[in-house]
Amino acid sequence: PLNSEELGVLHGLLGLHPRDWVRTGEAAWADSGLTLAAEPGQILDGMAASPELLHRPILIHGERAVVGRPPTLLLELFED
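None of these values were measured; they are calculated from a predicted model.

**Quick notes on the nonpolar core**
Next, step 1: Ranked by size, the top nonpolar core spans 17 residues in total, and within it Leu7, Trp21 and Met47 carry the most contacts.
Next, step 2: Sorting the residues of this core by element identifies α1 (4-14), α2 (27-32), α3 (40-49) and β2 (64-67) as the ones contributing at least two each.
Next, step 3: With residues up to four places along the chain from it excluded, the contact list for Trp21 reads Leu7, Leu10, His11, Leu14, Leu16, Leu44, Met47, Leu53, Leu54, His55, Ile58 and Val67.

**Comments concerning unusual backbone geometry**
Next, step 1: Going from Arg56 to Pro57, the amide bond is cis rather than trans, its omega being 0°.
Next, step 2: A cis amide bond links Arg69 with the next residue in sequence, Pro70, at an omega value of 0°.
Next, step 3: With respect to the helices and strands, Pro70 occurs in the segment after β2.

**Considering α3**
Next, step 1: Listing the buried residues of α3 in full gives Ile43, Leu44, Gly46 and Met47. Across the axial projection of α3, the buried residues extend over an arc of 155°, all falling on one side.

**Comments concerning α1**
Next, step 1: Along α1, the positions that sit buried rather than exposed are Leu7, Leu10, Leu13 and Leu14. Along the axis of α1, the buried positions cluster into a sector of 110°, meaning they face one direction only. Structural note: α1 exposes Glu5, Val9 and Gly12 on the side pointing more than 90 degrees away from its buried face.
Next, step 2: Considering only its buried residues, α1 is in contact with α3, β1 (58-61) and β2.

**Considerations on the side chain of His17**
Next, step 1: Looking at the secondary structure, you find His17 in the loop between α1 and α2.
Next, step 2: Overall, His17 belongs to the buried group, its relative accessible area being 18%.
Next, step 3: Filtering out sequence-adjacent residues up to four positions away, His17 remains in contact with His11, Ala38, Pro40 and Ile43.

**Overview of the pairing of β1**
Next, step 1: Pairing of β1 with β2, which is carried by 4 bridges, proceeds in the antiparallel orientation. Within the sheet, the bridge partner assigned to His61 lies in β2 and is Arg64.
Next, step 2: In this antiparallel pair of consecutive strands, β1 and β2, the connection spans 2 residues, and Gly62 shows a positive phi of 65°.

Thresholds applied
Residues numbered from 1 in each chain as written. Predicted model: local features only at pLDDT ≥ 70, side-chain atom pairs only at ≥ 80, totals over all residues. Heavy atoms only, no water. Core = buried A, V, L, I, M, F, W, Y, C linked by side-chain atoms within 4.5 Å. Buried < 20%, exposed > 50% of the residue type's maximum accessible area, 1.4 Å probe, protein only. Helix = DSSP H or I, 4+ residues; strand = E, 2+ residues; numbered from the N terminus. Contact = heavy atoms within 4.5 Å. Arc of directions from axis to C-beta. Pairing = 2+ DSSP bridges.

In structure tokens:
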């Protein structure tokens, strides 16, 4: 699992607020007490504590990353 610091790096590569790549349908999300209005760091800490909250797959290529939902988004990394 990724720690908070590694998730912070991923946050920078994705260029998305963590609320856009957290799995809110998981029981761990409800248990965390977090909401989509939480600060990015709070959501990242929640993902570090409960790795099942991290959307997958995430592909990193160079200095960019993409959440592969839908999988066709993964192809965007290779268009440059």
